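Listed below are the residues making up each chain.
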Amino acid sequence: MTSEHGFELVVFDCDGVLVDSEVIAVRVDQRVLADLSWDLELDEIVERFVGRSEAQFVASVEQHLGIRLADGWDQEYGRWYQDAFERGLEAVDGIEEALDRLRLPHCVASSGSHEKMHRTLGKTGLLYRFQGRLFSATDVANGKPAPDLFLHAARRLSTAPERCAVVEDSAYGVQAARAAGMHVFAYAGGVTPAARLAGPGTTVFSDMRQLPGLIAAGRPA
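For the structure given in this document, a descriptive report is provided here. Note that the structure is a prediction, hence the values are computed from the model and not measured.

## Focus on the environment of E41
Right, on to step 1. As for its placement among the helices and strands, E41 is situated in the loop between helix 1 (22-35) and helix 2 (42-49).
Right, on to step 2. What makes E41 exposed here is its relative accessible area of 52%.
Right, on to step 3. A sequence separation of 26 residues divides E41 from I67, and the C-alpha atoms of the two residues are 22 Å apart.

As structure tokens, then:
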């Protein structure tokens, strides 16, 4: 039984919320884009791509360069990401403590593929916490900032959208949660500045250890 402002399900993004992958990924993104003749600063990459799906990344590259990338274009680049994650990927600071204290059902709804989630969550020892409750942008027609993925996760777990709390770290993810009618707890301890996350229906915080208490307090009136 929940209070008027209580939650029944916590929906976590993966990259930058559970696994500290965004700092690593944007640096590899910069190398990949430069190799494709598109030079961007790291903050531009964060603004354009963090929180979006691989398909959206590819579409943006093709549009900017005015070309169609051939099948298998990313095979070599995939090894760049994999090598970087193998060397440096860790769980987000404080997330294991937060999950230990969380008393509500929880799942993952990520712009990444199922394969990527299994790899990164497995590498950081978090996969067992979410087995059978992983949802990907590849499961729906439209990725973030559309609400489709969050609504899909809520439906699959039989929870009304207004009873869902979303934990996100990207501007696109925050937009998607708002569009789904879900309250969003926006983690500002990653690569996206707090000012880009703030707004209606959003609680911005910077330490994952704060999360259980914030969620327990419920949706602000």
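From this point, the narrative continues.
## Re the pattern of salt bridges
Right, on to step 1. One pass over the structure, following the stated rule, counts 10 salt bridges.
Right, on to step 2. Among the ionic pairs, D93 bridges to R209, the shortest N-O distance being 3.1 Å. With D93 in the loop between helix 4 (75-88) and helix 5 (95-101) and R209 in the loop between strand 6 (202-205) and helix 10 (211-216), the pair connects residues that are 116 residues apart, well separated along the chain.
Right, on to step 3. Its relative accessible area of 52% is what places D93 among the exposed residues.
Right, on to step 4. Judged by its relative accessible area of 30%, R209 falls in the partly exposed class.
Right, on to step 5. Where R209 meets D207, a salt bridge forms, and the shortest distance between an N and an O atom there is 3.2 Å.

## Regarding the layout of surface pockets
Right, on to step 1. In this model, the largest pocket occupies a volume close to 1000 Å³.
Right, on to step 2. Lining the largest pocket we find 40 residues, and of these E54, Y81, G112, S113 and K116 sit closest to its centre.
Right, on to step 3. Elements with a minimum of two residues in the lining of the largest pocket: helix 1, helix 3 (54-65), helix 4 and helix 6 (114-123).
Right, on to step 4. With 5 residues, the single largest contributor to the lining of the largest pocket is helix 4.
Right, on to step 5. Partitioning the lining of the largest pocket into residue classes produces 13 nonpolar, 15 polar and 12 charged.

## A closer look at helix 6
Right, on to step 1. Along helix 6, the residues classified as buried are M117, T120 and L121. Buried residues of helix 6, seen end-on, are gathered within an arc of 95° and therefore sit on one face of the element.
Right, on to step 2. The inward-facing, buried residues of helix 6 contact helix 4, strand 2 (106-110) and strand 3 (134-136).
Right, on to step 3. Where helix 6 terminates, the next one or two residues include G125, which has phi positive at roughly 75°.

The rules behind the values
- Residues numbered from 1 in each chain as written.
- Predicted model: local features only at pLDDT ≥ 70, side-chain atom pairs only at ≥ 80, totals over all residues.
- Heavy atoms only, no water.
- Helix = DSSP H or I, 4+ residues; strand = E, 2+ residues; numbered from the N terminus.
- Buried < 20%, exposed > 50% of the residue type's maximum accessible area, 1.4 Å probe, protein only.
- Salt bridge = Lys/Arg side-chain N within 4 Å of Asp/Glu carboxyl O.
- 1 Å grid on protein atoms, 1.4 Å probe; cavity = no way out; pocket = protein on both sides within 12 Å on 5 of 7 lines; lining within 4 Å.
- Points joined across faces, edges and corners; volume = space filled by probe spheres on them.
- Nonpolar A, V, L, I, M, F, W, Y, C, P; charged D, E, K, R; others polar.
- Arc of directions from axis to C-beta.
- Contact = heavy atoms within 4.5 Å.

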